[in-house]
Amino acid sequence: MTTAQTPQLDVQPSPLALLLLGRGADPRSERGVECPGDLPEPSDPDLVARAHAAKEKLGSKVFVLGHHYQRDEVIQFADVTGDSFKLARDAAARPDAEYIVFCGVHFMAESADILTTDDQKVVLPDLAAGCSMADMATAEQVAECWDVLTEAGVAEQVVPVSYMNSSADIKAFTGKHGGTICTSSNAERALEWAFQQGEKVLFLPDQHLGRNTAVRDMGMSLEDCVLYNPHKPNGGLTAEQLRDAKMILWRGHCSVHGRFSLESVEDVRERVPGVNVLVHPECRHEVVAAADYVGSTEYIIKTLEAAPAGSKWAIGTELNLVRRLANRFAAEGKEIVFLDKTVCFCSTMNRIDLPHLVWTLESLAEGTLVNRIEVDRETEAFAKLALERMLALP
């Protein structure tokens, strides 16, 4: 058939196809896909100077938060660094700052908006900086899960515990149903509290943190845990399984920490004799079981700070942080390597780059508010209730 004879097919791309091609948007997603205005070129040699100038012009009106997983080019402009909850609390402790520029991901900026005053404006330099884990649990899916628990006759016994790495909607659901939020450093305390309130826990959205805390830290068995899959009818579970379970784990995970495997641990022990394996509790259960030390991002940093000179460490967490720690402690003779051979950055966290930060700071300095993250009042009220329950944990 010649070109002239080729029939003209009236085919319209589906919304999913357009989304995958970058020409569409999902209005139900927590992530944006557009950045209004023109970004500076990454090759602009004046980016660092421009960022310093804009930040100086803003003065005390701006407070820049930098998550540990951010690039070095961004972290250098952070007023404080930390994990997601520490940064949200740091923002709340600065009520004089009109603008909170959160160099992190969407759920973190939401938490900052929830905990700061109504007069403060939280800004995310790139609205496309989401979190794959947070996206694995939508409000509709969790509401459907609660219906399944109700039909199984166990909902009244269940207390939801949601990881900080969740959307404001999920935090609000948790608050509305008598639950609490947790971080990777206080998950055990949160679960202990929850089991004082009820007989079962719905833990979301990270199955690994829930399983590791229940089994490794609290002495439960793997049989006490069941996995709820939101993409299967009734979560892929029977009513009997739900009645027998203590921990109902949501089928979600961190795309970075989930990559580490038992083979990674075995391989690094062969390559680096005498190495200490230190991993984040978002890693798979078999990885955590094979590691020497397990803890939150802050725990990882403090452990390396206290480590003796000449010690060797393989770290199972995001690569930006591991590289930064390796450089920081090299002078002390501490050998720090990435647990896996495969390079593994948090792709969404890395969307916050120097051009986006410069564009944000210069826009604010010119009086133009961009990329504001604002949680609606009802969602904020219930989400804050869940966060306050966490703050009240002993």
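Owing to the predicted nature of the structure, the values given are computational and were not obtained by experimental measurement.

Caption draft 1: Geometry of the overall build of the chain. When its secondary structure is counted, the chain shows 17 helices and 13 strands. Expected size for 394 residues packed as a compact globule is a radius of gyration near 21 Å; at 22 Å, the chain falls within 12% of this value. The principal-axis extent of the C-alpha atoms belonging to the chain is close to 65 × 60 × 60 Å. The burial tally for the chain puts 54% of its 394 residues in the buried class. Residue pairs at least 24 apart in sequence account for 67% of intrachain contacts in the chain once pairs closer than 6 positions are excluded.

Caption draft 2: How the structure looks around the packing of aromatic side chains. Counted according to the given criterion, the structure contains four aromatic pairs. Look at Tyr-228 and Trp-250: their rings are 5.3 Å apart centre to centre, the planes differ by 25 degrees, and that puts the pair in the stacked class. Of this pair, Tyr-228 sits in strand 8 (residues 225-228) while Trp-250 sits in strand 9 (residues 247-250), placing them 22 residues apart in sequence. Considered together, Tyr-228 and Trp-250 belong to a single accessibility category, that of buried residues. Where Tyr-293 meets Trp-313, the ring centres are 5.4 Å apart and the plane angle is 45 degrees; that geometry is what we call tilted. Here Tyr-293, found in strand 11 (residues 293-294), pairs with Trp-313, found in strand 12 (residues 312-316); they are 20 residues apart in sequence, far enough to count as distant. Judged by its relative accessible area of 31%, Tyr-293 falls in the partly exposed class.

Caption draft 3: Geometry of the sheet that holds strand 10 (residues 276-279). Pairing is parallel in the open sheet, where four strands are placed in the order 11-10-12-13. For this open sheet the edge positions go to strand 11 and strand 13 (335-338), each flanked by a neighbour on one side alone. Pairing geometry for strand 12 and strand 13, over four bridges, is parallel. Bridge pairing in strand 13 links Trp-313 to Ile-336. Together, strand 12 and strand 13 form the strand contacts of helix 15 (residues 319-329), whose direction differs from that of strand 13 by roughly 165 degrees.

Caption draft 4: Representation of the confidence of the model for the chain. On average, the chain scores 89 in pLDDT, and the residues at 70 or more come to 90%. Confidence over residues 1-35 falls short of pLDDT 50; this stretch has 27 contacts with residues more than four positions distant or in other chains.

What counts and how
- Residues numbered from 1 in each chain as written.
- Predicted model: local features only at pLDDT ≥ 70, side-chain atom pairs only at ≥ 80, totals over all residues.
- Heavy atoms only, no water.
- Helix = DSSP H or I, 4+ residues; strand = E, 2+ residues; numbered from the N terminus.
- Rg over C-alpha atoms; globule rule 2.2 N^0.38 Å.
- Buried < 20%, exposed > 50% of the residue type's maximum accessible area, 1.4 Å probe, protein only.
- Contact = heavy atoms within 4.5 Å.
- Phe/Tyr/Trp six-rings, centres within 6.5 Å; stacked < 30°, edge-to-face > 60°.
- Pairing = 2+ DSSP bridges.
- Axes fitted to C-alpha atoms, helices over the stretch in contact; angles between N-to-C directions.
- pLDDT = per-residue confidence, 0-100.

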